[in-house]
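Here are the chains, one letter per residue:
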Amino acid sequence: MSVESAASIVIPKGQVDLLDFIDWSSVECLNQSSTHSVSNALKQGYREDDGLHLESDADEQLLLYIPFTQVIKLYSIVVIGPEEEGPKTVKLFSNKEHMGFSNVNDFPPNDVAVLSPENIKGKPVILKYVKFQNVRSLTIFIEDNQSGSELTKVQKILLYGSTVETTDMKGLKKIEDH
Amino acid sequence: MVLEATMICIDNSEWMRNGDYSPSRFQAQADAVNLICGAKTQSNPENTVGVLTMSGKGVRVLVTPTSDLGKILACMHGLEIGGEMNLAAGIQVAQLALKHRQNKKQQQRIIVFAGGPVKHEKKMLEMIGRKLKKNSVALDIINFGEEDEEKTEKLEALLAAVNNNDTSHIVHVPAGPNALPDVLISTPIFTGDGEGGSGFAAAAAAAGGVSGYEFGVDPNLDPELALALRVSMEEERARQEAAAKKAAEDAAKQEKGGEQQASSQDATMTERASAATSDAENKTNDLMDDENALLEQALAMSMDDPATSHDVKDTDMSEAASVDPELALALQLSVADSTKDATSQSDMSKLLADESFVSSILASLPGVDPNDPSVRDLLASMQNQSEPQQKDDEKPSSNEEEKK
């Protein structure tokens, strides 16, 4: 796929796909349609399938909470969606737990990205790197979509960054077992 | 086995004092809450339940979601009734309590008891409903107590706004003889959504100590069967009442019959007839009356004939008639019948005229000696008369009596 290769080219050296560091058991998504859940956009295998996508339910907004198994630094984000229903305004928060739609405006976002039509085809958005230096969890708030309709679809979300040199507690346990 | 955090919004408004649900609306609600808490905590050990009241000085959270059933049950005691139900505030506070649940893996659910009138605008409720849906909170509404079109409409609108994938439910419980928890136990609020539903209900029944369905059959699953069972139970009850009445009458009759036992065999016959009738009654169906009439008629015919009606018998018959008009009617009929049957009786007398045949029959009867002089006399007199056959009839029956 051309989109895929285009996206991967822009990845600077030293940054990795943060997929492996997501704490899947605690991933949350509010206002997701029960038939089109968040794993369709995040999980490996599912996100590569264009037929599977994350869909909003009651209205166009979506709120994703992605905790990580270890502290990371976030460099860039790729959000892919259809031309019409693809997300537009995306707000990112770091280390904010218990966020809901009601208090989403109570905190200043670490970064706001307004996605262009190129962005939702695979062009990465480079974030304010200094704002995402010590990230344990990431909250992504998708405020509206390209066409302003009631339905938002997200095909794929990619997170690029690097891990902070800390002791991975899970790795430590494995060694103790031996 | 749904992992859930539940907030139960109970209504403690002034309208809950009404006694149209036994013992009172408020007590019925409390029972239902206890049952729901039991069911929820039983279905999954990690489930939590919290309780808040919607009326009074304001919405008050009695227990934040906990899996400690004792805490939940304890908070239900000593609640004060007062004020008006504030549904909107109640739901919003419940949502807030659920949002800060400790285990984020739990599904969120709010159960609302709406007993008093709903004063909020329909639009406002729909807005709240959409907010719940957006935050993936399911909502169960139990609509009871005050009944008016507007309230039902508002609650339905609220549910429609929340409902996502049929996870939310509404139950309308009209006032009636059935206890509120009993009605709820067969609803989706207890049975859950599909898988593990029956187990859930069973667990709830065990927890609440309430016997599930009336006949061990869920009336929702098979309404026809439930109806058939109910109808058959009512019929059985009516039949038992009729049988008891008959038995009382028969007992009275037996007393009178007993007094006259010495003078006549007919008393015994009547007794036997009544015994037979009550026997027949025990296996009755719809045809009971017809069968009884036939049986009585047959018995009357066998023990009586017009030509030989002795005076004793007549008095007996009148006795019986005074006790049981039905029997009297049957006896009268049988008397009329037997005159009609004269032709067939003449055939019979021809047969009886055949001496050898009669004596062979008499010989075959137990306890009858064909050589007995009285029998011989009888047989001789029978040659030209049709009447004496009656005495032959009597003999075997008196023999039967001896055996008894």
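So, how was this worked out
- Residues numbered from 1 in each chain as written.
- Chains lettered and ligands numbered in written order.
- Predicted model: local features only at pLDDT ≥ 70, side-chain atom pairs only at ≥ 80, totals over all residues.
- Heavy atoms only, no water.
- UniProt positions renumbered as here; feature names shortened; annotations may be inferred.
- Helix = DSSP H or I, 4+ residues; strand = E, 2+ residues; numbered from the N terminus.
- Buried < 20%, exposed > 50% of the residue type's maximum accessible area, 1.4 Å probe, protein only.
- Contact = heavy atoms within 4.5 Å.
- Buried area = accessible area lost by both parts, 1.4 Å probe.
- Salt bridge = Lys/Arg side-chain N within 4 Å of Asp/Glu carboxyl O.
- Polar contact = N/O pair within 3.5 Å; in protein donor to acceptor, adjacent residues only side chain to side chain.
- Nonpolar A, V, L, I, M, F, W, Y, C, P; charged D, E, K, R; others polar.
- 1 Å grid on protein atoms, 1.4 Å probe; cavity = no way out; pocket = protein on both sides within 12 Å on 5 of 7 lines; lining within 4 Å.
- Points joined across faces, edges and corners; volume = space filled by probe spheres on them.
- Axes fitted to C-alpha atoms, helices over the stretch in contact; angles between N-to-C directions.
- Parallel < 35°, antiparallel > 145°, perpendicular 65-115°, else oblique.
- Left-handed = near helix turned anticlockwise from the far one by under 90°.

Per an unreviewed UniProt entry, the recorded name for chain B is 26S proteasome non-ATPase regulatory subunit 4 homolog, and the organism is Lupinus angustifolius.

Per an unreviewed UniProt entry, chain A carries the name PITH domain-containing protein and comes from Lupinus angustifolius. Taken verbatim from the UniProt record of chain A, the Sequence similarities (unreviewed entry) comment is "Belongs to the PITHD1 family."

Mind showing me how you'd approach the overall build of chain B here?
When helices and strands are tallied, chain B shows 17 helices and six strands. Taking all 404 residues of chain B together, 42% fall into the buried category.

Explain the interface of chain B and chain A to me, please; I cannot follow it from the model alone.
Buried accessible area, meaning the area lost when the parts come together, often serves as the stated size of an interface. Every contact between the two is made by twelve residues of chain B and, on the other side, 15 residues of chain A. Contact between chain B and chain A buries roughly 1,200 Å² in total, counting both sides, with carbon and sulfur atoms accounting for 46%. On the chain B side of the interface with chain A, the three residues burying the most area are B:Lys99, B:Lys104 and B:Lys134, jointly 48% of the side's total. Across the contact surface, chain B and chain A share two salt bridges. Here chain B is connected to chain A by seven residue pairs in polar contact (both at pLDDT 80 or more). A total of three residues in the side of chain B that touches chain A trace back to one element, the largest contributor, which is helix 4 (residues 122–134) of chain B. A class-by-class count of the residues in the side of chain B that touches chain A yields no nonpolar, five polar and seven charged.

Help me understand unusual backbone geometry in this model?
Across residues other than glycine, the phi torsion is negative in most instances, and most of the peptide bonds are trans. Cis geometry is found at the peptide bond from B:Ser22 to B:Pro23, where omega equals -10°. Tracing the backbone shows B:Pro23 in the loop between strand 1 (4–10) and helix 1 (25–43). Despite not being glycine, A:His98 shows a phi value in the positive range, around 55°. Considering the arrangement of structural elements, one finds A:His98 in the loop between strand 5 (89–94) and strand 6 (111–114). The exposure class assigned to A:His98 is partly exposed, which follows from its relative accessible area of 34%.

Just checking my understanding: could you explain the layout of surface pockets for this structure?
If a probe as big as a water molecule is rolled over the atoms, it shows which places are left empty. Computed from the structure, the largest pocket encloses a volume of approximately 960 Å³. Lining the largest pocket we find 36 residues, and of these A:Cys29, A:Gln32, B:Lys105, B:Gln107 and B:Ser136 sit closest to its centre. Those elements that place two or more of their residues in the lining of the largest pocket are strand 2 (28–30) and helix 2 (39–42) of chain A together with strand 4 (107–114) and strand 5 (137–143) of chain B. When its residues are assigned to classes, the lining of the largest pocket shows eleven nonpolar, 16 polar and nine charged.

I would appreciate a short explanation of the pattern of salt bridges in the present structure.
As a working rule, side chains carrying opposite charge can pair if their charged atoms are close by. The tally for this structure, following the rule as stated, stands at 15 salt bridges over all chains. The partner of B:Arg101 in a salt bridge is A:Glu28, with the nearest N and O atoms 3.8 Å apart. You can see B:Arg101 sitting in the loop between helix 3 (87–99) and strand 4 and its partner A:Glu28 sitting in strand 2, one on each of two chains. We classify B:Arg101 as buried; its relative accessible area is 7%.

Got a minute to help me understand the packing of helix 4 of chain B against helix 5 (residues 149–162) of chain B in this structure?
To describe two helices that pack against each other, one gives the angle between their axes and the distance between the axes. Residue and element names in this part refer to chain B. Following both chains from N to C, one finds helix 4 and helix 5 inclined at 25°, their axes separated by 7 Å at the closest point. Of the possible angle classes, the one that applies to helix 4 and helix 5 is roughly parallel. Where helix 4 crosses over helix 5, the handedness of that crossing is right-handed. Across the interface between the two elements, Lys-122, Leu-125, Glu-126, Gly-129, Arg-130, Leu-132 and Lys-133 of helix 4 pack against Glu-153, Lys-154, Ala-157, Leu-158, Ala-161 and Val-162 of helix 5. Residues of the contact of helix 4 with helix 5, tallied by class, amount to six nonpolar, one polar and six charged.

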